[in-house]
Amino acid sequence: MFLPAGSRDEKGMAVSSRSHVMEEFRKVATLRGYKEISTPVVEYATTFTNKHVGMKLQEMMKWFNAEGEIEVLRPDWTTAIARALSTEEKRPQKWVYQGSVFKRNMPGVEYHQAGVEIIHLPELMGESESLLMAQSVLKELGVNNSLIELGHTGIYESLANELQLTCTDAERLRHAMHDKKKDEVYQIAKDNGSKETASEMAALVDAFGTMDIITEYEERWKDRDSILSILQHIKKLAQILQQSGSGEILIDLGRVKNLPYYSGIMFRGFLPESGGVCFSGGRYDRLYEQFGKSISAVGLAFDIEVLANQIKESDERQRICIIAGEESLAYAEQLRASFENCIVDVQPEQMDKGNYTKILEIKTSNGEFEVIEK
Ligand SMILES: N[C@@H](Cc1c[nH]c[nH+]1)C(=O)O
């Protein structure tokens, strides 16, 4: 039958690869001391649209409830979890989750994420834990040579604050910076501020690359104390990652935030071959301000589809096919028990031979069973 645009059925490998990713993710999280959390799929829209969060209602799957309030399908785990944890006591906490998010502005509508949220941990500790946890998951899945990109909301924002921008121009500048359109960035900045700030803004467009970029910009911004301390922070985080044997680290000092609630370090993970973004996250202390709290909060979420497409699941187990009839089903079940740690598939007739390492047929005569290898 028909499905609404964006909804789809999935079968076989697509589903099992996803389950495999989720199982490995869960295993790593448990071993690193995370606790599991789940929130409802249906929430009030205001949880995500209030001024502290700033997500856009038009991008959500929504409807009116009987009381006239707008309800939505969960568009974001991080915000939902902040709501759920807002009454928790003040002690370091590491939470892990898996499930769908729904986005009307994206072709697939339903996306599967697995993520972590860490609160009340000292900044560097929470940030490095998020990334080291992500690295362990990738390693467990056999994904080597992934790339971590580090950015920080504070650099772009501190330069943008030197300009007198209307809301429209602020949005234009953000887009131009995001798309790395240097001339446009310079022009908007110059029209709304000094030439000097405009030049620095334009320089920010090119401020990405390997770790050396930090040294270069430390020199360039030696008189800008707030930016210098951000660069120091990124350097410390990168050092912890490198000392822990992380993959390659990329720096993008001009990165603008992809979610309105980020306030501090931002990170993304790229897959080696496809270049797909397999995880994304960052610091979001601001999100807790809506509950009158000032706390340290950081986390990231994996895009399960991107990861599932990348991994090639190899099942080394033997596959046995037992051909049985109604009268030999109970016997087949006994026979199954003799094949420990094998995949045993009971079928009414011989299926595709290439799928199995061994095919056994149970013959019945006079109430006696005989097993014949085919
Ligand atoms: N919720 C973010 C990921 C994230 C988790 N924690 C912080 N950020 C996203 O969907 O991209």
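This is a predicted model, so every value here is computed, not measured.

## Regarding the overall build of the protein chain
Regarding its fold elements, the protein chain presents 12 helices and 16 strands. The C-alpha radius of gyration of the protein chain comes to 26 Å, more than 25% above the 21 Å expected for a compact globule of 374 residues. Dimensions of the protein chain, computed from C-alpha atoms along their principal axes, come out at roughly 95 × 55 × 45 Å. For the protein chain, buried positions account for 47% of its 374 residues. Restricting to contacts in the protein chain with at least 6 residues of sequence separation, those with at least 24 account for 66%.

## A look at the packing of helix 5 (residues 153-160) against helix 8 (residues 195-205)
The N-to-C vectors of helix 5 and helix 8 enclose an angle of 155°; their axes lie 10 Å apart at closest approach. On the basis of the axis angle, helix 5 is roughly antiparallel to helix 8. Relative to helix 8, helix 5 is oriented so that their crossing is left-handed. Counted together, Ile155, Tyr156, Leu159 and Ala160 of helix 5 and Thr197, Glu200, Met201 and Leu204 of helix 8 form the full contact between these two elements. Partitioned by chemical class, the residues of the contact of helix 5 with helix 8 number six nonpolar, one polar and one charged.

## Overview of the UniProt feature "binding site: L-histidine" (unreviewed entry) in the protein chain
Residues annotated by UniProt as "binding site: L-histidine" (unreviewed entry) correspond here to Asp76, Trp77, Thr78, Gln113, Glu117, Tyr261 and Tyr262. Beyond its immediate stretch of four places on either side in the chain, aspartate 76 contacts Phe48, Met55, Val101 and Tyr261. At 2.5 Å, the side chain of aspartate 76 forms a polar contact with the side chain of threonine 79. You can see glutamine 113 is positioned in strand 6 (residues 110-119). Not counting the four nearest positions on each side in its chain, glutamine 113 is found in contact with Trp77, Tyr97, Gln98, Gly99, Val101, Ala301, Phe302 and Ile304.

## A word on the packing of aromatic side chains
By the definition in use, this model includes nine aromatic pairs. Arranged with centres 6.5 Å apart and planes meeting at 25°, the rings of tyrosine 284 and tyrosine 288 form a pair that is stacked. Given a relative accessible area of 2%, tyrosine 284 falls into the buried group. Note on tyrosine 288: relative accessible area 2%, which makes it buried. Look at tyrosine 331 and phenylalanine 369: their rings are 4.6 Å apart centre to centre, the planes differ by 20°, and that puts the pair in the stacked class. Here tyrosine 331, found in helix 12 (residues 329-337), pairs with phenylalanine 369, found in strand 16 (residues 368-373); they are 38 residues apart in sequence, far enough to count as distant. The exposure class assigned to tyrosine 331 is partly exposed, which follows from its relative accessible area of 25%. Taken together, Tyr261, Tyr262, Tyr284, Tyr288 and Phe291 form an aromatic cluster joined through their ring pairs. Residue placement shows arginine 74 over the ring face of tryptophan 77; its charged tip is 3.7 Å from the ring centre.

## Some details on helix 10 (residues 225-243)
Between its first and last C-alpha atoms helix 10 spans 27 Å; for 19 residues at 1.5 Å apiece the expected length is 27 Å, and the two agree. The set of residues buried in helix 10 consists of Ile227, Ile230, Leu231, His233, Ile234, Leu237, Ala238 and Leu241. An end-on view of helix 10 places all buried positions within 160° of arc, on one side of the element. Of the residues in helix 10, the exposed ones pointing more than 90 degrees away from the buried face are Asp225 and Gln243.

## A word on the site of the ligand
The ligand sits among 15 residues. The nearest are Asp76, Thr78, Glu117, Tyr261 and Tyr262. Side-chain polar atom of aspartate 76 to a nitrogen atom of the ligand: 2.9 Å apart, as the coordinates give it. Between an oxygen atom of the ligand and a side-chain N or O atom of glutamine 113, the distance comes to 3.1 Å. Protein chains shield 93% of the accessible area of the ligand, which is 300 Å² for the free molecule. Among the secondary structure elements, those contributing two or more residues to the shell around the ligand are strand 6, strand 11 (277-283) and strand 12 (297-303). Across the shell around the ligand, the residue classes tally to seven nonpolar, six polar and two charged.

## Comments concerning empty space enclosed by the protein
Scanning the entire structure with this criterion turns up one cavity of 30 Å³ or more. Of the voids in this model, the largest cavity is the one considered here, and its volume is about 40 Å³. Around the largest cavity, the lining residues are Leu85, Ser86, Glu88, Glu89, Ile119, His120, Tyr288, Lys293 and Ile295. Looking at side-chain class alone, the lining of the largest cavity contains four nonpolar, two polar and three charged residues.

## Some words on the nonpolar core
With 66 residues, the main nonpolar core has Leu150, Met201, Leu253 and Phe302 as its most contacted residues. Take this core: its biggest share by element is seven residues, from helix 10. If we skip the residues at most four places from it in the chain, methionine 201 touches Tyr156, Leu159, Ala160, Leu163, Leu173, Met177, Val185 and Ala189. Residues Trp77, Ile119, Tyr262 and Tyr284 belong to the second largest nonpolar core, which totals 27 residues.

## Overview of the sheet that holds strand 14 (residues 343-347)
Spatially, four strands are ordered 14-13-15-16 in an open sheet, and the strand pairing comes out mixed. Pairing within the sheet leaves two strands with one partner each, and these edge strands are strand 14 and strand 16. Looking at each pair of strands side by side, their axes are set apart by 25° on average, direction ignored. Bridge analysis of strand 15 (residues 358-365) against strand 16 gives six bridges, and the strand direction is antiparallel. Across the sheet, residue serine 365 finds its bridge partner in strand 16, namely glutamate 368.

The rules behind the values
- Residues numbered from 1 in each chain as written.
- Predicted model: local features only at pLDDT ≥ 70, side-chain atom pairs only at ≥ 80, totals over all residues.
- Heavy atoms only, no water.
- Helix = DSSP H or I, 4+ residues; strand = E, 2+ residues; numbered from the N terminus.
- Rg over C-alpha atoms; globule rule 2.2 N^0.38 Å.
- Buried < 20%, exposed > 50% of the residue type's maximum accessible area, 1.4 Å probe, protein only.
- Contact = heavy atoms within 4.5 Å.
- Axes fitted to C-alpha atoms, helices over the stretch in contact; angles between N-to-C directions.
- Parallel < 35°, antiparallel > 145°, perpendicular 65-115°, else oblique.
- Left-handed = near helix turned anticlockwise from the far one by under 90°.
- Nonpolar A, V, L, I, M, F, W, Y, C, P; charged D, E, K, R; others polar.
- UniProt positions renumbered as here; feature names shortened; annotations may be inferred.
- Polar contact = N/O pair within 3.5 Å; in protein donor to acceptor, adjacent residues only side chain to side chain.
- Phe/Tyr/Trp six-rings, centres within 6.5 Å; stacked < 30°, edge-to-face > 60°.
- Lys NZ or Arg CZ within 6 Å of the ring centre and 35° of its normal.
- Expected span 1.5 Å × (residues − 1).
- Arc of directions from axis to C-beta.
- Near = heavy atom within 4 Å.
- Areas by Shrake-Rupley, 256 points an atom, 1.4 Å probe, with all protein chains shown as cover.
- 1 Å grid on protein atoms, 1.4 Å probe; cavity = no way out; pocket = protein on both sides within 12 Å on 5 of 7 lines; lining within 4 Å.
- Points joined across faces, edges and corners; volume = space filled by probe spheres on them.
- Core = buried A, V, L, I, M, F, W, Y, C linked by side-chain atoms within 4.5 Å.
- Pairing = 2+ DSSP bridges.

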